[in-house]
Amino acid sequence: MTKPRFATKAAICLGCIVALGAVALVAQQTLSRQGVSWTAEQDESLDVLTTKVSGGAEVSQPGEGWASRDGYIQLQLLGSSIPEQEIESVEQDGDELTVTLKVQDGPMTMDILLTEWRLTGGDVESVKSVTIDYGKGDTRRAPQCP
């Protein structure tokens, strides 16, 4: 009689594990749609973004910009070298991606530094615009680059 009870308990436990797995999958997909899964990492291997100028020539993008790549969004930020720009969060609402930067208080160098970022984990294909939130009420739409 102990074996049937054990088998019943094992079947119930297995059913619970399967149900919890399904709940976790649905939760992950829901959070992903809400933009929770976006991650940002600085990637020095990425080339500087370019933009088209009159005559159809492509030149380096002189400031912020973004481009959709195969499986990720490339974001270029302009800032000082000390302290470097840091991304605090990336959130998606529909086709709009909002990148919030960590507010840098204190002294800064006067040089200009371009940093390339790889944004991954969200719905890359649906992104149509990127807004950068610099903090303290300063938000700007970044131009899309080819």
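Provided above is the structure to which this section pertains.
All figures in this text were calculated on a predicted structure; none of them were measured in a lab. (Residues numbered from 1 in each chain as written. Predicted model: local features only at pLDDT ≥ 70, side-chain atom pairs only at ≥ 80, totals over all residues. Heavy atoms only, no water.)

Asker: How do you make sense of the overall build of the chain when you look at a structure like this?
Answerer: If you tally the helices and strands in the chain, you get one helix and ten strands. When the helices and strands of the chain are read in sequence order from the N terminus, they spell out α-β-β-β-β-β-β-β-β-β-β. Put simply, the chain has 146 residues, and 29% of those count as buried. (Helix = DSSP H or I, 4+ residues; strand = E, 2+ residues; numbered from the N terminus. Buried < 20%, exposed > 50% of the residue type's maximum accessible area, 1.4 Å probe, protein only.)

Asker: How should I be thinking about the nonpolar core in this particular structure?
Answerer: The tendency in soluble globular proteins is for nonpolar side chains to be buried as a group. One finds Trp38, Ile73, Leu75, Ile87, Leu97, Val99 and Leu119 to be the most contacted residues of the largest nonpolar core, which totals 18 residues. Of all the secondary-structure elements, those providing two or more residues to this core are β5 (72-79), β6 (87-93), β7 (96-101), β8 (113-120) and β9 (129-135). With residues near it in sequence (within four places) discarded, Leu75 still touches Gly65, Trp66, Ile87, Val99, Thr115, Glu116, Trp117, Leu119, Val130 and Ile132. (Core = buried A, V, L, I, M, F, W, Y, C linked by side-chain atoms within 4.5 Å. Contact = heavy atoms within 4.5 Å.)

Asker: Mind showing me how you'd approach the environment of Ile112 here?
Answerer: Here Ile112 is to be found in the loop between β7 and β8. Assessed through its relative accessible area of 67%, Ile112 is described here as exposed. When the C-alpha atoms of Ile112 and Ser80 are compared, they prove to be 5.1 Å apart, with 32 residues separating the residues in sequence. Ignoring any residue separated from it by four or fewer positions in sequence, one finds Ile112 in contact with Leu78 and Gly79.

Asker: How do you make sense of the sheet that holds β9 when you look at a structure like this?
Answerer: The strands that make up a sheet are held in pairs by hydrogen bonds between backbone atoms, and each pair lies either parallel or antiparallel. The four strands lie next to each other as β6-β7-β9-β10, forming an open sheet whose pairing is mixed. Looking at which strands have only one partner, the edges of the open sheet turn out to be β6 and β10 (138-142). Pairs of neighbouring strands in the sheet enclose a mean axial angle of 20°, with direction left out of account. Examined bridge by bridge, β7 and β9 share five bridges and lie parallel to one another. The residue bridging Glu96 from the neighbouring strand is Ser129, located in β9. (Pairing = 2+ DSSP bridges. Axes fitted to C-alpha atoms, helices over the stretch in contact; angles between N-to-C directions.)

Asker: What exactly am I supposed to notice about the pairing of β10 here?
Answerer: On a regular strand, one side chain projects to one face of the sheet and the next to the other, so that they alternate. Here β9 runs beside β10; their pairing, made up of five bridges, is antiparallel. Counterpart to Ile132 in the pairing with β10 is Arg140. In textbook terms, the turn of a hairpin is the stretch between consecutive antiparallel strands, and for β9 and β10 this stretch comprises two residues, one of which, Lys136, has a positive phi near 55°.

Asker: Could you clarify how one ought to interpret the sheet that holds β5 in this entry?
Answerer: A sheet is described by the order of its strands in space; here four strands give the open sequence β1-β8-β5-β4, paired in antiparallel fashion. Both outer strands of the open sheet, β1 (39-42) and β4 (65-69), are each paired with one neighbouring strand and no more. Each strand of the sheet is rotated relative to its neighbour by a mean of 25°, with strand direction disregarded. When β5 meets β8, the two strands line up antiparallel, connected through seven bridges. Looking across to β8, one finds that Gln76 is bridged to Glu116.

Asker: Would you mind showing me how to read the packing of aromatic side chains here?
Answerer: We describe a pair of aromatic rings using the distance from one ring centre to the other and the angle between the two ring planes. Following the criterion strictly, the structure yields zero aromatic pairs and no others. For the cation-ring pair, Arg118 lies above Tyr72, with the distance from its terminal atom to the ring centre recorded as 4.0 Å. (Phe/Tyr/Trp six-rings, centres within 6.5 Å; stacked < 30°, edge-to-face > 60°. Lys NZ or Arg CZ within 6 Å of the ring centre and 35° of its normal.)

Asker: What's the story with the pattern of salt bridges in this structure? I'm lost.
Answerer: Note on pairing: side chains with opposite charge can pair once their charged atoms come close. Following the criterion strictly, the structure yields four salt bridges and no others. Where Arg118 meets Asp43, a salt bridge forms, and the shortest distance between an N and an O atom there is 2.8 Å. Linking Arg118 in strand β8 with Asp43 in the loop between β1 and β2 (50-52), this pair joins segments that are 75 residues apart in sequence. Note on Asp43: relative accessible area 13%, which makes it buried. (Salt bridge = Lys/Arg side-chain N within 4 Å of Asp/Glu carboxyl O.)

These values are about where atoms sit, not about what they do.
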